[in-house]
Amino acid sequence: ERARIAAMEELETGCVDCQAGYEDRKRAIELYQEALPKVAKSKRAQILAQMGHLLELTNRGAEAEQLYKQIIEKEQDPQFVAEAKLSLAEMFFKSRQYQAAHDYYTQVLQEPEAKRKPLAAYRQAWCLFNLSKVEEAIAKIEHILNTPSLLTKGAEGSVSVDEQYKAEVAKDFSTF
């Protein structure tokens, strides 16, 4: 938490090469690794997911990718598997590997237990757009605009439409 707060404060100063919280995150990874063998199996996936995010934030993307793939292969909880797939998709999206990102977003959308389908659908549309599949991207954005459960943002399990988010998606529809 201290690392997150320090990073937020640093961002407010307009940093270019932001490093706040780096040492705290490194230490958190070490503590999680130490605790992992002692943790109940039911909590394991949650810790692994948190470790993956921390690895990403400490510029250890290859290790994070490996950890997310380990969660997908070995964990039983479908929510954490979906989160690991979403995390991989986000990593690929940010590195402009749109086909790989699209494939993982598709897997998230096919998972009944996935909680962040709105984000997966939205990013999937952008993957299609960036892959020059404009007609498919338009169809995906139209689908999102016509599906209330895909127009929520931040409220897990909620189907109340987030009007601000809907406006963002509509703006992107006009861009497409």
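Up top is the structure these notes are about.
Anyway, here's the lowdown on the structure attached to this text. (Residues numbered from 1 in each chain as written. Predicted model: local features only at pLDDT ≥ 70, side-chain atom pairs only at ≥ 80, totals over all residues. Heavy atoms only, no water.)

**What about the packing of helix H3 (residues 41-57) against helix H4 (residues 61-74)?**
Selection criterion: As a rule, the C-alpha atoms of each element are fitted with a line to give its axis, helices using only the stretch in contact, and angles between N-to-C directions run from 0 to 180 degrees. Strands here are runs of E lasting at least two residues and helices are runs of H or I lasting at least four, both read from the DSSP assignment and numbered beginning at the N terminus. We call two directions roughly parallel when the angle between them is under 35 degrees, roughly antiparallel when it is over 145, roughly perpendicular when it lies between 65 and 115, and oblique otherwise. Each crossing is labelled by how the near helix is turned from the far one, with a counterclockwise turn of less than a right angle marking it left-handed and a clockwise turn marking it right-handed. In what follows, residue pairs with any heavy atoms lying within 4.5 Å of each other are defined as contacts. Note on residue categories: nonpolar means Ala, Val, Leu, Ile, Met, Phe, Trp, Tyr, Cys or Pro, charged means Asp, Glu, Lys or Arg, and polar means any other residue, Gly included.
In contact at an axis separation of 8 Å, H3 and H4 are set at 160° when each is read in the N-to-C sense. Looking at the two axes, H3 sits roughly antiparallel to H4. Note on packing geometry: the crossing formed by H3 with H4 is left-handed. The residues of H4 that touch H3, namely those facing Arg44, Ala45, Leu48, Ala49, Met51, Gly52, His53, Leu55 and Glu56, are Gly61, Glu63, Ala64, Leu67, Tyr68, Gln70 and Ile71. A breakdown of the residues in the contact of H3 with H4 according to their chemical character gives nine nonpolar, four polar and three charged.

**Some words on the pattern of salt bridges**
Rules: Just to be clear on terms, a salt bridge is a Lys or Arg side-chain nitrogen sitting within 4 Å of an Asp or Glu carboxyl oxygen. Exposure categories follow from relative accessible area, calculated using a 1.4 Å probe and restricted to protein chains: below 20% of the type maximum is buried, above 50% is exposed, and the middle band is partly exposed.
Considering all chains together, one arrives at six salt bridges under this definition. Its salt-bridge partner being Arg60, residue Glu63 comes within 2.9 Å of it at the nearest N-O pair. Residue Arg60 is classed as partly exposed on the basis of its relative accessible area, which comes to 25%. For Arg116, the salt bridge identified is with Glu83, shortest N-O distance 3.1 Å. Taken together, the residues span a long stretch of sequence, with Arg116 in the loop between helix H6 (98-110) and helix H7 (117-130) and Glu83 in helix H5 (residues 78-94) at a distance of 33 residues. Note on Glu83: relative accessible area 22%, which makes it partly exposed.

**Looking at the packing of aromatic side chains**
For clarity, the threshold we go by: Only the six-membered ring of Trp is used, alongside the rings of Phe and Tyr, when aromatic pairs are assigned; centres must lie within 6.5 Å, and planes under 30 degrees apart are stacked while those over 60 apart are edge-to-face, with the rest tilted.
Here the structure, examined in full by the defined rule, presents seven aromatic pairs. A ring pair is formed by Phe93 and Tyr98, whose centres lie 5.5 Å apart and whose planes are at 75°; its orientation type is edge-to-face. Here Phe93 matches Tyr98 in class, with each residue buried. Relative to Phe176, the ring of Trp126 has its centre 4.8 Å away and its plane inclined at 85°; by these criteria the two rings are edge-to-face. Here Trp126 is found in helix H7, whereas its partner Phe176 is found in the segment after helix H9 (163-175), with 50 residues between them in sequence. In this structure Trp126 comes out as buried when scored by relative accessible area, which is 19%. Among the aromatic side chains, those forming a connected cluster through ring pairs are Phe93, Tyr98 and Tyr105.

**Here we look at the side chain of Ser87**
Relative to the helices and strands, Ser87 resides in helix H5. For Ser87, a relative accessible area of 4% translates into the label buried. When residues no more than four places from it in sequence are discounted, the contact partners of Ser87 are His53, Glu56 and Tyr68.

**Some thoughts on the layout of surface pockets**
Threshold: Cavities and pockets were defined on a 1 Å grid built from protein atoms only: a cavity is a group of points that admits a 1.4 Å probe but offers it no way out, a pocket is an open group of points flanked by protein on both sides within 12 Å along at least five of seven lines, and a lining residue is one with an atom within 4 Å of any such point. Grid points are joined across faces, edges and corners, and a volume is the space filled by probe spheres set on the points.
Of the volumes computed, that of the largest pocket is approximately 570 Å³. Taken together, 19 residues form the lining of the largest pocket, with Arg25, Gln50, His53, Leu54 and Leu57 sitting closest to its centre. Of all the elements in the fold, those that place two or more residues in the lining of the largest pocket are helix H1 (2-12), helix H2 (22-35), H3 and H5. Here the element with the most residues in the lining of the largest pocket is H3; it accounts for five residues. In terms of residue class, the lining of the largest pocket is built from seven nonpolar, three polar and nine charged.

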